[in-house]
Amino acid sequence: MEETLLKLSGNLLNITGLAYLAATVLYLVYLAKRSDGLGLSATIISSIGVVLHTAALVMRWVSAGIDHPPFTNLYESLIFFGWGIVAFYLYMEWRYKIRLAGAFVFPIALAAMGIAAMTPDKGIGNLMPALQSNWLTFHVMFASIAYAAFVVAFAFSFMYLIKDKVQIRAMGIILSGITAATLAICDKASIITKGKFYMNVMGYGSDGKLYMAPVPDMQDQLQVVPVHMVGIFFLLAFILLTVSFVTYLASYIGSKPSLAETANLAMLAGLAVLTIGMIDIFIGISLNDRLYFASNPYKLILLGLEWLSLVAVAIINWKRESIIERLPERKTLDFLGYRSIIVAFPLMTIVIVTGAVWANSAWGTYWQWDPKETWSLITWFIYAIYLHARVMAGWSGRRVAIISIIGFVSVVFTYLGVNVFLSGLHSYA
Amino acid sequence: MEKDITEKSGQPLSSGHRSGGVTDAVWDFFGSLKLAISLLIFISATSVIGTVIPQNPDDETVMGFIQEHGEASYNRFEALGFFDLYHQWYFLLSLALLMVNLIVCSLDMFPRTMKRYKDAKPEPDEKYLKGMRFSESFKIKGKEREGFLAHAEKILSVKIPQGADPDAGPVYLFSNKGGLSRFGVYFVHLSIIVIIVGSLIGTVFGFRGGVNIAEGTKTDTIYLFGQQKGRELKLPFEIRCDDFELETYEGTSQAKDFRSALVIIEDGKEVLSKTIEVNDPLRYKGITFYQSSYGETGQGSKLQLLLEVSGGEKTEIKVPPNQMLEVTKLGKVMFAYSGDQGNMGGHSSNHFVVVNIYKEDGTVKQDIIYPEKPAIFAPPPESVTLRLEDADGNLIKKVVAGFNEEQELPGGRFSPGGKFKVTDYNPDFQGMGPSISIDIHPEGGKSNNIKLFKNYPDFDRKNRKDQKIYFVPEEIKESEGETITLSWTGVDTKYFTGLQVAKDPGVPVVWAGCIIMFLGLYLSFFSSHRKIWVRTEGNTVLVAGSTHRNPMAFESRFRALVEKLRQFSDDFRQTEDQ
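Residues numbered from 1 in each chain as written. Chains lettered and ligands numbered in written order. Predicted model: local features only at pLDDT ≥ 70, side-chain atom pairs only at ≥ 80, totals over all residues. Heavy atoms only, no water.

Observations concerning the overall build of chain A
Secondary structure summary: chain A contains 13 helices and 4 strands in total. In terms of overall size, chain A behaves like a compact globule, its C-alpha atoms giving a radius of gyration of 22 Å where 429 residues would be expected to give roughly 22 Å. Counting only C-alpha atoms and orienting by the principal axes, one finds that chain A spans roughly 60 × 50 × 45 Å. Counting the 429 residues in chain A, one finds 58% classified as buried. The long-range fraction of contacts in chain A, counting pairs at least 24 apart against all pairs at least 6 apart in sequence, stands at 79%. With an accessible surface of roughly 17700 Å², chain A has 68% of that area assigned to carbon and sulfur atoms. Charge centroids of chain A, computed over 28 positive and 22 negative side chains, lie 12 Å from each other. (Helix = DSSP H or I, 4+ residues; strand = E, 2+ residues; numbered from the N terminus. Rg over C-alpha atoms; globule rule 2.2 N^0.38 Å. Buried < 20%, exposed > 50% of the residue type's maximum accessible area, 1.4 Å probe, protein only. Contact = heavy atoms within 4.5 Å. Areas by Shrake-Rupley, 256 points an atom, 1.4 Å probe, with all protein chains shown as cover. Lys, Arg positive; Asp, Glu negative; His and termini not counted. Charge placed at Lys NZ, Arg CZ, Asp CG, Glu CD.)

Next up, the structure:
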């Protein structure tokens, strides 16, 4: 019975993914073309998708047992996160009737589902004793919804900046800087000093599960391998993106607008090479049968998100005029970003507190300045600054939109970056 | 025409800059938003350093750090206090400043908030009400008025003021709810202060440490973490671990659950006992013991065997491996474990126990126990009928041999001859059926020992090559006696339980702070100060409302309220017409 439920859940999730894909396309086209029919069908398809998604999650929970909720490993957390984004977005869409945001929110939800689909281990794993707690259920549930609300807030803030005619180019340059920095730090600078991109090797243990080497009973204890020629492509991308970043800064500080064009070209070139590098990762994985996506999920997800953001910015820059015209009024966007954060902030507070309660009963202390805990607190601070800037200092518009986006970067770092770059108690999720 | 769904941003609550004097400037500084944001950024930045640089590193980590970044960096970071960041003076100072900042700015804002809270106009004039953002009026008939006022009272849950006369002038119904929501922010600020205080109480008056207790042992000393790293702390009582249980997921070595049966002994008496597991600790006198980890002690683990006598009694015995023991029914025995004694609970494939029974006559009976296959020790057979055959399979002679009875080997053309005897019998050797062992002593030659299997008569022929004489077992006559079967049911691993021990009197304070914060957030974001006026003058009803936050939500409530009020007139008229 449990197995059929699990299978059915998996099938429903596949259909959900397709529904979200269709919805994303419809929302994007709706952004370009003025057609209420398109917008309505996007809403309908995404609503159907979210209903199926909910059913799939419930089935998965039932099949695993009541005390094993469906968000205890990477795959499940991504699926649940995708659900949260769509559910919260549809609620906002219903309440405030802004459909254009779908074009900015759905690609992120789709990315979450897509990354989940690439995870090979979709089974229901065994729960570590530390994770067997009701506080876990609350903590992760609230975290997913809070993150989802932050995603939606980010979308509105992003739309605001576009409408406010902020130089899209500038956003691209900042993204280049962040991406270049990520590439530089990866694996203790192995990309820039050796031209190699490493991934952990995995193997099957005697229980049939994938493990990072060393695997019990495994002969060959090789731990990391350089993946194909990825390192070289990434090194080249790093150089181009750094050039782009530096050149733009120079054009800004030295007031040489001509340099901005060079910077933009360097960024696009860097993006192209980065794309080749990412494709090469897939080639590398298929050539070496001990490499799997799951070898380094967080690293790949982070790079994937940065790549996706660069692509999105490049596209928006290309179609800027028509998009700006179609977006709702700035004050609407500003207001909706605020409403989203008003929901997200108390939820984030609950996340931090439930995490502390859980930590207290599992490890004897409610706060250990663990990287995940610390960064979630930093995220909380940033949004607290956002709220104070609005209410106390009367800030609105561009300045708070920027704070909201900085907050979102912190959210991404809290969710993924900590797992990639820092290790701690949260290393199992 | 796009609906305006935005709301006006609120008026700033602070009283702004005061004029004159250093004290005022200082006060403004400490209460300023700029200071608050700067402090938050500073605390964030230092916290980030704490996540990148290992905190309170043990010696191994320190060595690793120096190897990677050099001793100079280590010394510099050590001097800056980066290895114990959260106890450094500058970090604690920033927390203290944050508390001061919260107190000052709250005191600053409070009077104004109080004023606005109290500033309720129960009976404003018509123009005032008509000018409000939410305002509607409609007409009712004279005779409806009394009933209408009663109806409105019910809906708003307020009563008309005493002595109000509808014929004398306007009558007001004033509902003033949710004023407390104006104070949400003070609850939030207070909660932060409470939480910081709670954490300070914990740091000063509490401790955190750990201890490993081997099963069956007790201790009263724990080892502290953090600042007082490595320092021992003596508890005012002893704690003993009676038993440790590990449950793994079927077929794997992954831990599903692990539990420790603990007993607290104070002044020689057992005062508390509890079995703890992860997420379910033991608390005694403000000290909490958390199930954190476990490990095998590497010694003292025992093999769990089931000893069965001839289909009769079964006894479970626990025996230490690789030691000479006296075991009932078996005598002098040694159980040799195939692998590493410290890992007997593991799931490696080379996993068996060799049973060596040392008989009084100097011989050793041996068999092997596998997890799925028991060892069987049968009494010696009464007699064994053997066929002695030559290399071509022709019968030389048939021998009926008693157990341990010396027999003659045929000589002549099968020289050199000699002696042989049946020395061992196993009713089922490793699933291959009945087997006997034969000691062969050829004349002037080396003795050797062979095994024969009743179910495999050709075994000897296939096993030894170029022999003159081969043995083929024909029949084995068992004797009366006890057959002892030994099965391997498990390993009683001697574990130690890894406990974390903590005392934190600040914890309830912190939880109280969290609850206050939730209350404050609720008041700040999900409720607002709502005022509603229903003014009747003559035949006109004027309904107006105001909220200090979130007008969108208020609007729908307001409209619904007006509908309900209007409903009265419609119903009244309907009943009238009938």
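A word on the nonpolar core
Formed by 170 residues in total, the largest nonpolar core has its most connected members in A:F104, A:F156, A:I162, A:F197 and A:F234. Examining the composition of this core, we find that 17 residues originate from one element, helix α5 (residues 134-163) of chain A, more than from any other. Counting 21 residues, the second-largest nonpolar core is a separate cluster that includes B:L303, B:I317, B:A375 and B:W488. (Core = buried A, V, L, I, M, F, W, Y, C linked by side-chain atoms within 4.5 Å.)

Quick notes on the environment of B:G216
With respect to the secondary-structure elements, B:G216 resides in the loop between β3 (207-214) and β4 (218-224). You can call B:G216 exposed: its relative accessible area is 53%.

A short note on the pattern of salt bridges
Oppositely charged side chains can form a pair if their charged atoms are brought close together. Within the structure shown, the criterion is met by 30 salt bridges over all chains. Between A:R99 and A:E93 there is a salt bridge, and its shortest N-O distance comes to 3.7 Å. Classification of A:E93 by relative accessible area gives buried; the value is 6%. Sharing partners across several salt bridges, the network here consists of B:E245, B:E247, B:K256, B:D257 and B:R259. (Salt bridge = Lys/Arg side-chain N within 4 Å of Asp/Glu carboxyl O.)

A short note on a nonpolar patch on the surface
Residues and elements named next belong to chain A. Taken together, F245, V246, L249, Y252 and I253 make up a surface patch of nonpolar side chains, about 540 Å² in accessible area. With respect to the secondary-structure elements, I253 resides in helix α7 (residues 230-253). On the basis of relative accessibility, which here comes to 67%, the residue I253 falls in the exposed class. (Patch = residues over 30% accessible without salt bridge, like charges linked within 9 Å, V, L, I, M, F, W, Y side chains within 5 Å.)

Describing the packing of helix α1 (residues 2-32) of chain A against helix α3 (residues 74-96) of chain A
Describing two packed helices takes the angle between their axes plus the distance from one axis to the other. Residue and element names in this part refer to chain A. Between α1 and α3, whose axes approach to 13 Å, the crossing angle comes to 45°. Taken together, the axis directions place α1 and α3 in an arrangement best described as oblique. As for how α1 packs across α3, the hand of that crossing is left-handed. Contact residues: L13, Y20 and Y27 in α1; Y75, I79, V86, Y89, L90 and E93 in α3. For the contact of α1 with α3, the class distribution of residues is 8 nonpolar, no polar and 1 charged. (Axes fitted to C-alpha atoms, helices over the stretch in contact; angles between N-to-C directions. Parallel < 35°, antiparallel > 145°, perpendicular 65-115°, else oblique. Left-handed = near helix turned anticlockwise from the far one by under 90°. Nonpolar A, V, L, I, M, F, W, Y, C, P; charged D, E, K, R; others polar.)

Quick notes on the interface of chain A and chain B
The partner chain B presents 55 residues to the 49 residues of chain A that form the contact. A buried area of about 4500 Å², summed over both sides, lies between chain A and chain B, and 67% of it is on carbon and sulfur atoms. Among the residues of chain A in contact with chain B, A:P129, A:Y366 and A:W369 are the three that bury the most area, contributing 15% of the side total. Seen at the junction of chain A and chain B, the total is 0 salt bridges. At the surface where chain A touches chain B, the tally comes to 1 residue pair in polar contact (both at pLDDT 80 or more). Elements with a contribution of two residues or more to the side of chain A that touches chain B: α3, α11 (330-363) and α12 (371-391) of chain A. Considering only residue class, the side of chain A that touches chain B consists of 31 nonpolar, 12 polar and 6 charged. (Buried area = accessible area lost by both parts, 1.4 Å probe. Polar contact = N/O pair within 3.5 Å; in protein donor to acceptor, adjacent residues only side chain to side chain.)

Topic: the packing of helix α7 (residues 184-205) of chain B against helix α9 (residues 507-526) of chain B
Residue and element names in this part refer to chain B. Where α7 contacts α9, the axes come no closer than 7 Å and their chain directions differ by 165°. Judged on the interaxial angle alone, α9 and α7 are roughly antiparallel. Our pair here, α7 against α9, has a crossing hand that is left-handed. Residues G184, V185, F187, V188, L190, S191, I192, V194, I195, G198, S199 and I201 of α7 form the contact with α9, whose own contacting residues are V509, V510, G513, C514, I516, M517, L519, G520, L521, L523 and S524.

Some words on the sheet that holds strand β8 (residues 282-284) of chain B
The strand order across the open sheet formed by 8 strands is β7-β6-β5-β4-β3-β25-β9-β8 (chain B), and the pairing between neighbours is antiparallel. With one partner strand each, in any of the chains shown, β7 (269-277) and β8 of chain B form the two edges of the open sheet. Ignoring which end each strand starts from, the neighbouring axes of this sheet average 35° apart. Direction of pairing for strand β5 (residues 232-248) of chain B relative to strand β6 (residues 255-266) of chain B: antiparallel, over a ladder of 10 bridges. By the bridge assignment for β6(B), B:T248 is matched with B:A255. The strands touched by α11(A) are β3, β9 (287-296) and β25 (495-503) of chain B; relative to β9(B), the strand with the most contacts, the crossing angle is about 65°. (Pairing = 2+ DSSP bridges.)

Comments concerning the side chain of A:T349
Mapped onto the elements of the fold, A:T349 is located in helix α11. What A:T349 contacts, discounting residues up to four positions off in sequence, is A:W380, B:M517, B:F518 and B:L521.

Regarding the sheet that holds strand β2 (residues 171-177) of chain B
All names here are of chain B. Strand order across the open sheet formed by 4 strands is β1-β27-β26-β2, with antiparallel pairing between neighbours. Strands with a single pairing partner mark the edges of an open sheet, and in this sheet they are β1 (134-139) and β2. When strand polarity is set aside, the average angle formed by the axes of neighbouring strands in this sheet is 10°. Two strands pair when backbone bridges link them, and β1 and strand β27 (residues 540-547) are joined in this way by 6 bridges, in the antiparallel orientation. Considered in β27, the bridge of S137 is made with L542. Running over the sheet, helix α6 (residues 145-156) touches β1, β2, β26 (530-537) and β27 and is turned about 5° from β2.

Remarks on the environment of B:D165
With respect to the secondary-structure elements, B:D165 resides in the loop between α6 and β2. Judged by its relative accessible area of 38%, B:D165 falls in the partly exposed class.

What to know about the side chain of B:Q407
Residues and elements named next belong to chain B. Within the secondary structure, Q407 sits in strand β19 (residues 407-409). Since its relative accessible area comes to 13%, Q407 is described here as buried. Other than its neighbours up to four places away in sequence, Q407 contacts V399, V400, A401, G402, G418, K419 and F420.

Looking at the confidence of the model for chain B
Here chain B averages 84 in pLDDT, while 93% of its residues score no lower than 70. Across the whole predicted complex the pTM is 0.77, and at the interface the ipTM reaches 0.81. (pLDDT = per-residue confidence, 0-100.)

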